[in-house]
Amino acid sequence: MNVDQHLKVAQWHIEQARLHATSQHSCGCPANEHYQKIIDEVENGKVEEELVCSTEK
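Residues numbered from 1 in each chain as written. Predicted model: local features only at pLDDT ≥ 70, side-chain atom pairs only at ≥ 80, totals over all residues. Heavy atoms only, no water.

Colleague: Before we move on, can you summarise the environment of Cys-29 with the specific residues and values?
Modeller: Secondary-structure assignment places Cys-29 in the loop between α1 (3-22) and α2 (33-43). Distance in space between the C-alpha atoms of Cys-29 and Gln-16 is 9.9 Å, their sequence separation being 13 residues. (Helix = DSSP H or I, 4+ residues; strand = E, 2+ residues; numbered from the N terminus.)

What follows is the structure, encoded as structure tokens:
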């Protein structure tokens, strides 16, 4: 994906999180391995630039 596409996906996720927090929205989003890697990096303060978009690190 290019930068613009990444930003659009991020915007979609932020809006989904806002909706989940402010309504009776039922979340069906699975916390798969890719998302768990992201959650772990954010919680550990280790968000680093990835030069290749891959979950194979």
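Next, the rest of the story.
Colleague: Before we move on, could you go through α2 and cite the residues and values that matter?
Modeller: For the α-helix, the turn length of 3.6 residues means that residues three or four positions removed from each other point alike. The N-capping residue of α2, defined by a side-chain oxygen 3.1 Å from the backbone nitrogen of His-34, is Asn-32. Just downstream of α2, Gly-45 is the residue with a positive phi angle, here 65 degrees. (Polar contact = N/O pair within 3.5 Å; in protein donor to acceptor, adjacent residues only side chain to side chain.)

Colleague: Please set out α1 residue by residue, giving values where relevant.
Modeller: With 20 residues, α1 should reach 28 Å at 1.5 Å per residue; the first-to-last C-alpha distance of 29 Å fits that figure. Regarding α1, its N-cap is Asn-2, as a side-chain oxygen of that residue lies 3.1 Å from the backbone nitrogen of Asp-4 further along. (Expected span 1.5 Å × (residues − 1).)

Colleague: Now, about a nonpolar patch on the surface: what can you tell me, with residues and values included?
Modeller: A cluster of nonpolar side chains, Tyr-35, Ile-38, Ile-39, Val-42 and Val-47, forms an exposed patch at the surface whose accessible area comes to about 430 Å². Within the secondary structure, Tyr-35 sits in helix α2. Classification of Tyr-35 as partly exposed rests on a relative accessible area of 32%. (Patch = residues over 30% accessible without salt bridge, like charges linked within 9 Å, V, L, I, M, F, W, Y side chains within 5 Å. Areas by Shrake-Rupley, 256 points an atom, 1.4 Å probe, with all protein chains shown as cover. Salt bridge = Lys/Arg side-chain N within 4 Å of Asp/Glu carboxyl O. Buried < 20%, exposed > 50% of the residue type's maximum accessible area, 1.4 Å probe, protein only.)

Colleague: Give me the pattern of salt bridges: which residues, what numbers.
Modeller: Per the counting criterion, the structure on display carries 4 salt bridges. We note a salt bridge from Lys-37 to Glu-50, for which the minimum N-O separation is 2.6 Å. Taken together, the positions of Lys-37 in helix α2 and Glu-50 in the segment after α2 put the pair 13 residues apart, joining distant regions of the chain. Salt bridges sharing partners connect three or more residues here, namely Lys-37, Glu-41 and Glu-50.

The quantities given are spatial measurements derived from coordinates; they are silent on function.
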